[in-house]
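# Survey of secondary and tertiary structure
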Amino acid sequence: MSSDGAFALSGSWDHTLRLWEVATGRCIRTFKGHTKDVLAVAFSADNRHIISCGRDKTIRLWNTVGEVKKVYSDKPHSEWVTSVAITPSEAAEETLVLSAGWDNKVKAFKLLDGSHVADMEAHTGPVNSVVVSPDGTVAASAGKDGKVCLWKLTGEDKFTVSHTFDCGDHTINAPIPEP
């Protein structure tokens, strides 16, 4: 959902993203570029950038008219990319994209140039999702290993785990962090 609530995004098994106008329920744009299922999509805080990921093991940066601006290729995931989240930031140059993958990793990339910033490793199985707190200081990841990991996104120990919640043999699909 866009920050103003006017637009929604969807990812699909037909390898596309769709941009929806909330007021009318009409699809106003279809984005083509992925070669397999699109598993997650996200808007940047300023609604100028869109991130997608999928079974083709890629993360893509789009503009709002449906053009791929960048395919993140600097140290990509080796398996499906299941989730993406964008940190809130006033400056696009400081904005990070976090991704979760079936390679057991959470990765951090710079939004605009796609350069790899960090591998965040604590899961022992595929990671299903990653979300970022509204203030951008914490991320949470959840995985098939039954763990929810809280990651620090600021300070000297940036990209380290601050807490781990182990739910045993229960797959965790979607954490929700609080600031």
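One can find the structure itself at the top, above this paragraph.
The notes below deal with the structure included here. Just so it is clear, the model here is predicted, and its values are computed rather than measured. (Residues numbered from 1 in each chain as written. Predicted model: local features only at pLDDT ≥ 70, side-chain atom pairs only at ≥ 80, totals over all residues. Heavy atoms only, no water.)

### Here we look at the sheet that holds strand β6 (residues 59-62)
Ordered in space as β4-β5-β6-β7, the four strands form an open sheet in which the pairing is antiparallel. The open sheet has two edge strands with one neighbour each: β4 (38-43) and β7 (68-71). In this sheet, neighbouring strand axes are inclined to one another by 20° on average, regardless of whether the strands run parallel or antiparallel. Sheet topology places β4 next to strand β5 (residues 50-54); five bridges connect them, and they run antiparallel. The residue bridging Phe 43 from the neighbouring strand is Ile 50, located in β5. (Pairing = 2+ DSSP bridges. Helix = DSSP H or I, 4+ residues; strand = E, 2+ residues; numbered from the N terminus. Axes fitted to C-alpha atoms, helices over the stretch in contact; angles between N-to-C directions.)

### Digging into the environment of Glu 156
Structurally, Glu 156 is set in the loop between β14 (147-152) and β15 (161-166). Put simply, Glu 156 and Ile 50 are 106 residues apart on the chain and 29 Å apart in space, counted from C-alpha to C-alpha.

### Comments concerning the side chain of Ser 44
With respect to the element layout, Ser 44 can be found in the loop between β4 and β5. Judged by relative accessible area, Ser 44 falls into the buried class, the value being 5%. Among the polar contacts made by the side chain of Ser 44, one reaches the side chain of Asp 46 at a distance of 2.6 Å. Look past the residues within four positions of Ser 44 in its chain and what remains in contact with it is His 49 and Ile 86. (Buried < 20%, exposed > 50% of the residue type's maximum accessible area, 1.4 Å probe, protein only. Polar contact = N/O pair within 3.5 Å; in protein donor to acceptor, adjacent residues only side chain to side chain. Contact = heavy atoms within 4.5 Å.)

### Focus on the environment of Gly 136
Tracing the sequence through the fold places Gly 136 in the loop between β12 (127-132) and β13 (138-143). By relative accessible area, Gly 136 is classed as buried at 11%. When the C-alpha atoms of Gly 136 and Thr 95 are compared, they prove to be 9.6 Å apart, with 41 residues separating the residues in sequence. The contact partners of Gly 136, leaving out residues within four places of it in the chain, are Pro 88, Leu 153 and Thr 154.

### Digging into the pattern of salt bridges
With the rule as written, the count across this model stands at seven salt bridges. The closest approach of N and O atoms between Asp 56 and Arg 60, which form a salt bridge, is 3.7 Å. Within this structure, Lys 105, Lys 107 and Asp 119 form a network of salt bridges that share partners. (Salt bridge = Lys/Arg side-chain N within 4 Å of Asp/Glu carboxyl O.)

### Considering the state of the cysteines
Applying the stated criterion across every chain, the model contains zero disulfides. Summary of cysteine pairing: Cys 53 is not part of a disulfide, and the nearest cysteine sulfur, belonging to Cys 149, is at 18 Å. With no disulfide of its own, Cys 149 lies closest to Cys 167 among cysteine sulfurs, the gap being 10 Å. (Disulfide = S-S within 2.5 Å.)

### Some words on the sheet that holds strand β3 (residues 26-32)
Sheet architecture is open: three strands sit in the order β1-β2-β3, paired in antiparallel fashion. Sheet topology places β1 (7-11) and β3 at the edges, where each strand pairs with a single neighbour. The sheet shows a mean angle of 20° between the axes of neighbouring strands, taken without regard to direction.

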